[in-house]
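# Observations on chain architecture
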Amino acid sequence: MTTSDQPNPPNHPATTSTTERRRPINLLAGTVGHFVEWYDWYVYGLLAAVFSSQIFPSHSAFASLVAALLTYAIGFVVRPLSGIIISPLADRYGRRRILTLAISGMALGALIIAFTPPFAVIGYGAPVLFVIARILQGISAGSEQQSAIAYMVEHAPANRRGLFGSFTNMASGLATLAATGAAAIVTSTFSPDALAAWGWRIPFLVGGILGVVGLLMRARADESPEYEASVLAKQKSAPAGLRELLRNHPKALLQAAALSAPAVAYYTWATFLPTYANLTSGRDLSSTLAGSVIGLLLLVIVVPFCGSLSDRLGRRKIFPIVGAIGMIVLFYPLLLLLNQPGFGVYVIVSASGWIVLGIWQSVYPTIQAELFPASVRVSGIGFAHQIVIAVFGGTAPLIAAAFVSAGHPMFVALYMIVVVALCLAVYFTLPETGSRSNRTTVAPNDSAAADAQLLHH
């Protein structure tokens, strides 16, 4: 093959032009796919109170809800195993390939839930199928988050990494909004009997269909240029990459974990706040879901706005620190305010929480990506994020339900405040990874990726 016949390497002018031309397509594939992933993930927790008696019948409605939430938590237990095992494969074989597999598993899990007959028809086969579905979704979710963060940030222009990184959490916010909206629609449209019998299945069916659309988009997307240029990432085996991560980046792992840990508040607000308000103040579940939709609209505005702002003002100085302080100051009075009647009160509580959560959410994906070199980026984010999510995110609704059941609903706020306060202490150790320079690598000091890109000129 002559030189003229060779494909253009990364950073070649023709390749750069193609990358820029295809950037909107790749951005859409990453964002839409991420939206579908988290829509399917969140809708379970929002509708657990509806289908729990159909799939997990017990002596009381609360016991059925606990069984449904335990199954919900199983997906979180699986996530760190998936993150640890599969993330190094994304560093070795590519982000796009893992993202395509992830959305396939998530969609299949949603379809299994949508079509599982009730306990009255197939007995224990119903909860078993739900457990299988949640395991599939846990594996998918454990592969998705860190791969999507790396994919989006690596596709970003150098001066827009904060904005592109925020799109992953904007997509998850939109997914939470869509899942909450879907739950609100079915709970308010169908009669209680029709809702319990089959109405709750519709959001899961929609999620499965959307998954197929996301799969087709990701199958046609491009791999990220920085991954393709990083020869080192391709040469290392998955175990070797994991060993390098643990040996050379322990501080970055701790910092990445602290950036993810406020997910305890995110999952409480996203999947349990409507149920919390229903259990503690007697509010109608359909009205609380509608109120959460209004609050989530603010989240999806705040996240990209702050992400874009971080490209000019820097990452660490403002956003994770301000967001964490906001959570610590507001959570207790917000949950206390729910004791007051009125739909407007619930909207104020929901929206206020989503604003401070949005400030935190806007930049942590980009900071996490910039903490690690390309050769271990997905492994690093996945190892830290998925373990933390399993410990704090998956158990958040269950712990909140236990506090409410024990007669101590305000312990929910105290629990979130303690976790976020510990994270805030770590945020002051974060390096300032944002920069207005046009550096070629995502991580400020990634000599291997920089050298690899130079070799391809």
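Residues numbered from 1 in each chain as written. Predicted model: local features only at pLDDT ≥ 70, side-chain atom pairs only at ≥ 80, totals over all residues. Heavy atoms only, no water.

Turning our eyes to something else, we now look at the overall build of the protein chain. Along the backbone of the protein chain there are 20 helices and zero strands. Out of the 457 residues in the protein chain, the part that is buried amounts to 59%. Restricting to contacts in the protein chain with at least 6 residues of sequence separation, those with at least 24 account for 86%. As displayed, the protein chain offers around 16,900 Å² of accessible surface, 69% of which is attributable to carbon and sulfur atoms. (Helix = DSSP H or I, 4+ residues; strand = E, 2+ residues; numbered from the N terminus. Buried < 20%, exposed > 50% of the residue type's maximum accessible area, 1.4 Å probe, protein only. Contact = heavy atoms within 4.5 Å. Areas by Shrake-Rupley, 256 points an atom, 1.4 Å probe, with all protein chains shown as cover.)

Looking now at the environment of Tyr 72. Here Tyr 72 lies in helix α2 (residues 61–93). Through-space distance from the C-alpha of Tyr 72 to that of Gly 138 is 9.4 Å; in sequence the pair is 66 residues apart. Setting aside residues up to four positions removed in sequence, Tyr 72 forms contacts with Trp 41, Tyr 44, Gly 45, Arg 134, Tyr 267, Thr 271, Gly 394 and Pro 397.

This next bit is on the nonpolar core. Counting 124 residues, the largest nonpolar core has Phe 51, Tyr 267, Trp 269, Leu 335 and Tyr 427 as the members making the most contacts within it. Among the elements that make up this core, the one with the highest residue count is helix α1 (residues 13–55) (15 residues). The residues touching Leu 335, leaving out its near neighbours within four places in the chain, are Trp 269, Leu 273, Tyr 276, Met 410, Val 412, Ala 413 and Met 416. In this structure, Ile 86, Ala 90, Ala 150 and Val 378 belong to the second largest nonpolar core, which totals five residues. (Core = buried A, V, L, I, M, F, W, Y, C linked by side-chain atoms within 4.5 Å.)

Any pair of aromatic rings gets described here by the distance separating the centres and the angle formed by the planes. Evaluation of the coordinates by the stated rule reveals 24 aromatic pairs. Between Tyr 44 and Tyr 72, the ring centres sit 5.6 Å apart and the planes meet at 15 degrees, which makes this aromatic pair stacked. Of the two residues, Tyr 44 sits in helix α1 while Tyr 72 sits in helix α2, which places them 28 residues apart along the sequence. The class for Tyr 44 is buried, based on a relative accessible area of 0%. Taking the ring centre of Trp 41 as reference, the NZ or CZ of Arg 79 above it sits at 5.1 Å. (Phe/Tyr/Trp six-rings, centres within 6.5 Å; stacked < 30°, edge-to-face > 60°. Lys NZ or Arg CZ within 6 Å of the ring centre and 35° of its normal.)

Attention now goes to the environment of Glu 432. When you line up the elements, Glu 432 lands in the loop between α19 (411–427) and α20 (447–455). The spacing of Glu 432 and Ile 367 is 65 residues in sequence and 8.6 Å in space, taken between C-alpha atoms. When residues no more than four places from it in sequence are discounted, the contact partners of Glu 432 are Gly 314, Arg 315, Arg 316 and Lys 317.

This next bit is on the packing of α2 against helix α5 (residues 125–155). Contact geometry for α2 and α5: axes closest at 6 Å, N-to-C directions at 40 degrees. The angle between the axes of α2 and α5 places the two elements in the oblique class. Considering the relative orientation of α2 and α5, their crossing is right-handed. Where α2 abuts α5, its residues Thr 71, Tyr 72, Ile 74, Gly 75, Phe 76, Val 78, Arg 79, Ser 82, Gly 83, Ile 86, Ser 87 and Ala 90 lie against Phe 130, Val 131, Arg 134, Ile 135, Gly 138, Ile 139, Ala 141, Gly 142, Ser 143, Gln 146 and Ser 147. Classifying every residue of the contact of α2 with α5 gives 11 nonpolar, 10 polar and two charged. (Axes fitted to C-alpha atoms, helices over the stretch in contact; angles between N-to-C directions. Parallel < 35°, antiparallel > 145°, perpendicular 65-115°, else oblique. Left-handed = near helix turned anticlockwise from the far one by under 90°. Nonpolar A, V, L, I, M, F, W, Y, C, P; charged D, E, K, R; others polar.)

So, on to a nonpolar patch on the surface. Residues Val 121, Ile 122, Val 128, Leu 129 and Ile 132 make up a contiguous nonpolar surface patch of about 390 Å² in total accessible area. Looking at the nonpolar patch, the elements that each hand over two or more residues are α4 (119–122) and α5. Considering every element that reaches the nonpolar patch, the biggest residue donor is α5, with three residues. Of note, Ile 132 is situated in helix α5. By relative accessible area, Ile 132 is classed as partly exposed at 40%. (Patch = residues over 30% accessible without salt bridge, like charges linked within 9 Å, V, L, I, M, F, W, Y side chains within 5 Å. Salt bridge = Lys/Arg side-chain N within 4 Å of Asp/Glu carboxyl O.)

Next up on the list: the side chain of Thr 116. Here Thr 116 shows up in the loop between α3 (95–115) and α4. Given a relative accessible area of 1%, Thr 116 falls into the buried group. A polar side-chain atom of Thr 116 sits 2.6 Å from the main-chain carbonyl oxygen of Ile 112. Those residues in contact with Thr 116 that lie beyond four places of it in its chain are Ile 122, Ala 126, Leu 129, Phe 130 and Arg 201. (Polar contact = N/O pair within 3.5 Å; in protein donor to acceptor, adjacent residues only side chain to side chain.)

Throughout the structure, instances matching the rule amount to six salt bridges. Put simply, Arg 95 and Glu 154 hold a salt bridge, and the shortest N to O gap is 2.7 Å. Separated by 59 residues along the polypeptide, Arg 95 in helix α3 and Glu 154 in helix α5 bring together distant segments of the chain. One exposure class covers both Arg 95 and Glu 154, and it is buried.

This next bit is on empty space enclosed by the protein. Unfilled space is identified by rolling a water-sized probe across the atoms. Summed over all chains, the structure comprises four cavities of 30 Å³ or more. As for the largest cavity, its lining consists of 14 residues, and the residues nearest its centre are Tyr 42, Tyr 267, Gln 361, Tyr 364 and His 385. Contributing elements (two or more residues each) for the lining of the largest cavity: α1, α6 (161–189), α13 (263–281), α16 (343–371) and α17 (377–393). Here the lining of the largest cavity is composed, by residue class, of eight nonpolar, five polar and one charged. (1 Å grid on protein atoms, 1.4 Å probe; cavity = no way out; pocket = protein on both sides within 12 Å on 5 of 7 lines; lining within 4 Å. Points joined across faces, edges and corners; volume = space filled by probe spheres on them.)

What follows covers helix α18 (residues 396–405). Listed in full, the buried residues belonging to α18 are Ala 396, Pro 397, Ala 400, Ala 401 and Val 404. For α18, the buried positions fall inside an angular range of 130 degrees around the axis, keeping them on one side. Turning to α18, the residues buried within the fold contact α2, α13, α17 and α19. (Arc of directions from axis to C-beta.)

Note that all results are geometric; they support no functional claim without further evidence.
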